[in-house]
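# A structural walkthrough
Each chain is listed here by its residues.
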Amino acid sequence: MSAAEIGGRYRLEGRLGYGGMSTVHLALDLRLERQVAVKLLAEHLAEDPTFISRFQREAQAAARLVHPNIVQVFDSGQDEASGQYYIVMEYIEGQSCAEILRDDGWLEVDEAIAIIDQACEGLHYAHRHGVVHRDVKPGNLLRAREGEVKLADFGIAKATEQSSITQVGSVLGTAAYLAPEQARGEEAGPRADLYALGVVTYQLISGRLPYEANSLTELALKQQQEAPPMLDTLVAAVSPQLAEAVAISLALDPRERYQTAREMGRALSDGANGIAPGERAQAGRQAPTEATSVLSAGSRSGGRGADRTVTASAVTPRRPRSGPPRGQAPAARPAQAPAPAAGSPRRRRGRLLVALLALLALAVVIVAIVVITAPAPTKVVLRNVVYSDVQQATSALKQLVSENTK
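All values reported here derive from a predicted model rather than from experimental measurement.

Here the focus is the overall build of the protein chain. For the protein chain, the helix and strand inventory stands at 14 helices and nine strands. With 406 residues in all, the protein chain has 39% of them scored as buried. Nonlocal contacts in the protein chain, meaning residues at least 24 apart in sequence, comprise 60% of its contacts between residues at least 6 apart. In the form shown here, the protein chain has an accessible surface area of approximately 22800 Å², with 52% of it arising from carbon and sulfur atoms.

See below:
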């Protein structure tokens, strides 16, 4: 193995970036003949036994995350020759958000929201599988040339946060993106990732951080004592609804932030379109009641409510579905009166009435024939045949016919 190879199969070809905890290289997988990104962790981390055990577990957890918005982990281990721990990932040809900020300073609102929305989908998938990133920052958001955004470095933060390296005073990651609970040394959950992504959103749109601090202590004090300026006061293109949506992600209390990353992504997209946070959800809760009242009105007005039912059910969640809105039962069909049974009294009366009418018509025809064919002195007997009972009326008609045919 040459000095430029890691793990016996990855030939390093150039450095892509570096940080305090690792260095990223472009490499060639000699076995599969494809380009990959190899992250070499700092050599001093290999001396910490706590880090070694956690690193192995977290690297395995990160490798199980397979999602379009997450950088795929292919391999991990320790190089026998150098003793360095390494992670092999898919190579993304493009820029990180840190490089975009360095080159452009800030992004247009639509472009920034498109990036964050994809990052929210990646985080949502990871959180559902029990993996918290803990180090969301612009350098870990990679945008490919085709526009696809991927989150990198899952698992590394948790592997190092409990090691002796971080216990002697050094701060893991960039302090500006740490949630207040992280700054206080508490356990970081999924909503800490949402806070960090809110900071990234704020920075991509405005070109500045919500809090400017030189130390973790100063950051914690500012977070507790002051709220960052609303985005719509810094950028004219930001609507008040979007500014409010970003502010929710930056809430000091984790319980006041969004419940999921997907909810955050939808709220930011809605805010960019002028829809206030919670407005769509409130409309969705009211829709079933409105639809019910419309159906009731339609049944009273002879079915006129059918067209209005479509209007009432048009208030749906962000992604339309082929079925009814989530949480709303399908509209009940109007009840129809059951058909009368074959032997019911109503049907029997109807049949007798038809027979009576047929007999009456026959009697009229016979009488007409008699009148036409009979001699002049023939006397036609007429009688008013009106009875409430069908059988009596039938007998009277027969007698009338008999008298006129003698």
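Further remarks concern the sheet that holds strand S2 (residues 10-18). Reading across the sheet, the six strands line up as S1-S2-S3-S4-S6-S5 and stay open at both edges, with antiparallel pairing between neighbours. The sheet is open, and its two borders are formed by strand S1 (5-6) and strand S5 (73-78), each paired with just one other strand.

Our focus in this paragraph is unusual backbone geometry. Among all residues except glycine, the phi angle is most often negative; among peptide bonds, the trans geometry is most common. One non-glycine residue, Arg-134, lies in positive phi territory at about 75 degrees. Residue position: Arg-134 is located in the loop between helix H3 (109-128) and strand S8 (141-144). Residues other than glycine seldom take positive phi values, yet Asp-153 does so here, at roughly 70 degrees. Among the secondary structure elements, Asp-153 is positioned in the loop between strand S9 (149-151) and helix H4 (156-161).

Below, the discussion takes up the sheet that holds S9. Strand pairing in a sheet is mediated by backbone hydrogen bonds. Such pairs are either parallel or antiparallel. Spatially, S7-S8-S9 is the arrangement adopted by the three strands of the open sheet, whose pairing is antiparallel. Whereas interior strands pair on both sides, the edge strands pair on one side only; in this sheet they are strand S7 (94-96) and S9. Mean inter-strand twist for the sheet, computed between neighbouring axes without regard to direction, equals 25 degrees. The sheet contact formed by S8 and S9 spans three bridges and is antiparallel. Within the sheet, the bridge partner assigned to Leu-141 lies in S9 and is Leu-151.

With that settled, the discussion passes to the packing of aromatic side chains. This model, assessed by the stated rule, comprises one aromatic pair. Over the ring of Phe-74 we find Arg-34, and its NZ or CZ is 4.0 Å from the ring centre.

With that out of the way, let us pick up the pairing of strand S4 (residues 34-41). Here S4 lies mainly inside the structure; six of its eight residues are buried. Connecting strand S3 (residues 22-29) to the next strand, S4, in antiparallel fashion are four residues, including Glu-33 with a positive phi near 55 degrees.

Moving on to the side chain of Gln-182. Summarising the element assignment, Gln-182 is placed in helix H6 (residues 180-183). Gln-182 has contacts with Arg-134, Tyr-177, Ala-188 and Ala-192, leaving out every residue within four places of it along the chain.

Let us look at the pairing of S2. Bridging between S1 and S2 involves two bridges; their strand directions are antiparallel. For Glu-5, the partnering residue across the bridge sits in S2 and is Arg-11. Connecting S1 to the antiparallel partner S2 that follows it, the hairpin turn spans three residues, and Gly-7 within it adopts a positive phi of roughly 65 degrees. As paired elements, S2 and S3 share seven bridges and run antiparallel to each other. Bridge assignment links Gly-14 to a residue of S3, and that residue is Leu-26.

Conventions and cut-offs
- Residues numbered from 1 in each chain as written.
- Predicted model: local features only at pLDDT ≥ 70, side-chain atom pairs only at ≥ 80, totals over all residues.
- Heavy atoms only, no water.
- Helix = DSSP H or I, 4+ residues; strand = E, 2+ residues; numbered from the N terminus.
- Buried < 20%, exposed > 50% of the residue type's maximum accessible area, 1.4 Å probe, protein only.
- Contact = heavy atoms within 4.5 Å.
- Areas by Shrake-Rupley, 256 points an atom, 1.4 Å probe, with all protein chains shown as cover.
- Pairing = 2+ DSSP bridges.
- Axes fitted to C-alpha atoms, helices over the stretch in contact; angles between N-to-C directions.
- Phe/Tyr/Trp six-rings, centres within 6.5 Å; stacked < 30°, edge-to-face > 60°.
- Lys NZ or Arg CZ within 6 Å of the ring centre and 35° of its normal.

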